[in-house]
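# Structural characterization, general
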Amino acid sequence: MKQEKQRGEWQDRDTALFLRYGHIFVPEREEWGRTFTDLIPFERDESFVAVEIGAGGGWLSETILTQYPNSKVIALDGSQQMIRHARRRLQSFGDRVEFRLFNLFDYEWYRMFDEKIHCFVSSLVIHHLDGEQKRALFKGLYSVLDPGGALLIADIMKETSEYARIHMGRAWDEETARRSLDFEGNLQAFNQFQKEKWNLFHYPDPAVDKPSTLPEQLGWLQEAGFTGVDAFWVKAGHALFGGYKRGEK
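Residues numbered from 1 in each chain as written. Predicted model: local features only at pLDDT ≥ 70, side-chain atom pairs only at ≥ 80, totals over all residues. Heavy atoms only, no water.

## With respect to the packing of aromatic side chains
Short version of the rule: Only rings of Phe, Tyr and Trp enter the pairing, Trp through its six-membered ring, and a pair is recorded when the two centres are within 6.5 Å. The plane angle decides the type: under 30 degrees is stacked, over 60 is edge-to-face, the rest tilted. Working definition: helices are DSSP H or I runs of at least four residues, strands are E runs of at least two. Numbering for both runs from the N terminus. Remark: exposure states derive from per-residue accessible area (1.4 Å probe, protein chains only) relative to the maximum for the residue type, with buried under 20%, exposed over 50%, and partly exposed in between. Remark: a charge is flagged as sitting over a ring if the NZ atom of Lys or the CZ atom of Arg is within 6 Å of the ring centre and within 35 degrees of the ring normal.
In total, this model carries 14 aromatic pairs according to the counting rule given. Aromatic pair Phe25 and Trp198: ring centres 5.3 Å apart, planes at 55 degrees, arrangement tilted. Placement of the pair is Phe25 in helix 1 (residues 12-25) and Trp198 in the loop between helix 7 (188-195) and helix 8 (214-224), with a sequence separation of 173 residues. For the pair Phe25 and Trp198, one class covers both residues: buried. Measuring from centroid to centroid gives 5.0 Å for Phe102 and Trp109, while their planes differ by 75 degrees, and the two rings are edge-to-face. Looking at Trp109, the relative accessible area reads 7%, which means it is buried. Each residue in the set Phe18, Tyr21, Phe25, Trp172, Phe190, Phe193, Trp198 and Phe201 is aromatic and connected to the rest through ring pairs, giving one cluster. When the ring centre of Tyr68 is taken as origin, the NZ or CZ atom of Arg44, which lies over that ring, is 5.0 Å away. Its end group placed over the ring of Tyr142, Lys245 keeps NZ or CZ at 4.8 Å from the ring centre.

Structure (structure tokens):
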């Protein structure tokens, strides 16, 4: 997906680029944060444990820890560079955040937890799994999630038609250009987005990016046992969706 490297690989420079411009490359990331916190099934003063799958730079963990002052977050990532960055960003939260290195592709990694997990959240990670891997993961997460908990995912979607692909690609370009102007006052970030061929609707890289359609993923959640399954936010080929595990908290 990126121009100046071997296709099918993710390198440290990609991590650095995303840490620098991720808030611009992600459509309406601020709204993602508000949507996540709206949907977490706990009152603001309740205690619970959330796991962020692929915490990256730590912005989503920070949002949860800030909005829920009695929560704890277990932040997982496969990159030591990302964990170092997130650790610096979240140091003020002390022992309310725990960092763990993990491998998304290891079978049943989600069985590592000794404590009860009340919520799994993820932003721009699950699309690295193929369809059957996502389907199996949703079932696995349901099996270890505490009753009354939630699985909430924000990610890039696979288009369902050529018309959709063209629209999603254009909309993502336009949103990134707008955010580049809003945040930087210029198009430098958007130009980098274009140079690195970040828009996978224009430059697919199936060795790394394996998005599934939104209808498929909603169906797999229901199949796994989740209720209240829905797409809560959709724009520019990205969606925030999820569901809940029936039972008392």
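## Let's talk about the pattern of salt bridges
Just so we agree on the cut-off: Counted as salt bridges are all cases of a side-chain nitrogen of Lys or Arg within 4 Å of a carboxyl oxygen of Asp or Glu.
This structure, assessed with the given rule, holds 18 salt bridges. Residues Arg135 and Glu223 are paired through a salt bridge, measuring 2.6 Å at the closest nitrogen-oxygen approach. On the criterion of sequence distance, the pair formed by Arg135 in helix 5 (residues 131-144) and Glu223 in helix 8 is long-range, its members being 88 residues apart. Looking at Arg135, the relative accessible area reads 26%, which means it is partly exposed.

Read these as layout, nothing more, since geometry by itself doesn't imply function.
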